[in-house]
Amino acid sequence: QVQLVESGGGLVQAGGSLRLSCAASGRTFTRYTMAWFRQAPGKERENVAAIRWSGGSTYYADSVKGRFAISRDVAKNTVYLQMNSLKPEDTAVYYCAADPFGGSWSIPASYTSWGQGTQVTVSS
């Protein structure tokens, strides 16, 4: 139902910033939870941030709290992840995901649509 395309990844020095974008297409997004997950080499996929499309409530993993900010532009059907004070341990493929049912924000199984991923590499 929902197609997601991430962009904005790249190579950045530690302490730098990147803004990821996730362009969503489909019929409706009002009831969705949109989230950013990441997967580093050799590690399982983990949630980093989520936002309720309706209302805009946000959630963050402890590892990124205070450094990352998730937001949405309803008119553009786009969700963003502003990443500041990046650390080498933030290096991962970042995925946008959508949950149509408003389930547990941090659980990958709750999400039914996934983007292709965008690589974020933070050099030391």
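Residues numbered from 1 in each chain as written. Predicted model: local features only at pLDDT ≥ 70, side-chain atom pairs only at ≥ 80, totals over all residues. Heavy atoms only, no water.

Novice: I tried to follow the side chain of Gln 82 on my own but got confused; where do I start?
Specialist: Following the sequence through the fold, Gln 82 ends up in strand S8 (residues 78-83). Exposure remark for Gln 82: the relative accessible area of 17% places this residue in the buried category. (Helix = DSSP H or I, 4+ residues; strand = E, 2+ residues; numbered from the N terminus. Buried < 20%, exposed > 50% of the residue type's maximum accessible area, 1.4 Å probe, protein only.)

Novice: Got a minute to help me understand the state of the cysteines in this structure?
Specialist: Every disulfide links exactly two cysteines, by a covalent bond between their sulfur atoms. Under the definition given, this model contains one disulfide. Note that Cys 22 is cross-linked by a disulfide to Cys 96, the S-S spacing being 2.1 Å. Taking the sign of the S-S torsion, about -85 degrees here, the bridge from Cys 22 to Cys 96 comes out left-handed. With Cys 22 in strand S3 (residues 18-25) and Cys 96 in strand S9 (residues 92-99), this pair connects stretches of sequence that are 74 residues apart. Taking the relative accessible area as the measure of exposure, Cys 96 reaches 0% and is therefore buried. (Disulfide = S-S within 2.5 Å.)

Novice: Honestly, the sheet that holds S8 in this entry has me stumped. Any pointers?
Specialist: The strands that make up a sheet pair up through hydrogen bonds in the backbone, lying either parallel or antiparallel. One open sheet accounts for four strands, arranged S1-S3-S8-S7; its pairing is antiparallel. The open sheet has two edge strands, strand S1 (3-7) and strand S7 (68-73), and neither has a second partner. Strand-to-strand twist of the sheet, defined as the mean angle between neighbouring strand axes without regard to direction, takes the value 20 degrees. As defined by bridge partners, S7 adjoins S8 across six bridges and the pair is classed as antiparallel. Residue pairing across strands places Asp 73 opposite Thr 78, the latter belonging to S8. (Pairing = 2+ DSSP bridges. Axes fitted to C-alpha atoms, helices over the stretch in contact; angles between N-to-C directions.)

Novice: Help me understand the packing of aromatic side chains in this model?
Specialist: The relative placement of two aromatic rings is captured by the distance of their centres and the angle of their planes. Summed over all chains, the structure comprises four aromatic pairs. Between the aromatic rings of Phe 37 and Tyr 111, the centroid separation amounts to 5.1 Å while the plane-to-plane angle is 80 degrees, which identifies the pairing as edge-to-face. Linking Phe 37 in strand S4 (residues 33-39) with Tyr 111 in the loop between S9 and strand S10 (113-114), this pair joins segments that are 74 residues apart in sequence. Ring geometry for Tyr 111 and Trp 114: centres 6.1 Å apart, planes at 65 degrees, overall edge-to-face. Site record: aromatic cluster; members linked through ring pairs are Phe 37, Tyr 111 and Trp 114. One Lys or Arg, Arg 19, reaches over the ring of Tyr 80 and ends 5.6 Å from the middle of that ring. Note that Arg 45 overlies the ring of Tyr 95, its terminal NZ or CZ placed 3.9 Å from the centroid. (Phe/Tyr/Trp six-rings, centres within 6.5 Å; stacked < 30°, edge-to-face > 60°. Lys NZ or Arg CZ within 6 Å of the ring centre and 35° of its normal.)

Novice: Mind showing me how you'd approach the side chain of Ser 113 here?
Specialist: Within the secondary structure, Ser 113 is located in strand S10. Take Ser 113: its relative accessible area is 9%, and that puts it in the buried class. A polar atom in the side chain of Ser 113 sits 3.2 Å from the backbone oxygen of Val 2. The contacts of Ser 113, once residues within four sequence positions are left out, are Val 2, Leu 4, Cys 96, Ala 97 and Ala 98. (Polar contact = N/O pair within 3.5 Å; in protein donor to acceptor, adjacent residues only side chain to side chain. Contact = heavy atoms within 4.5 Å.)

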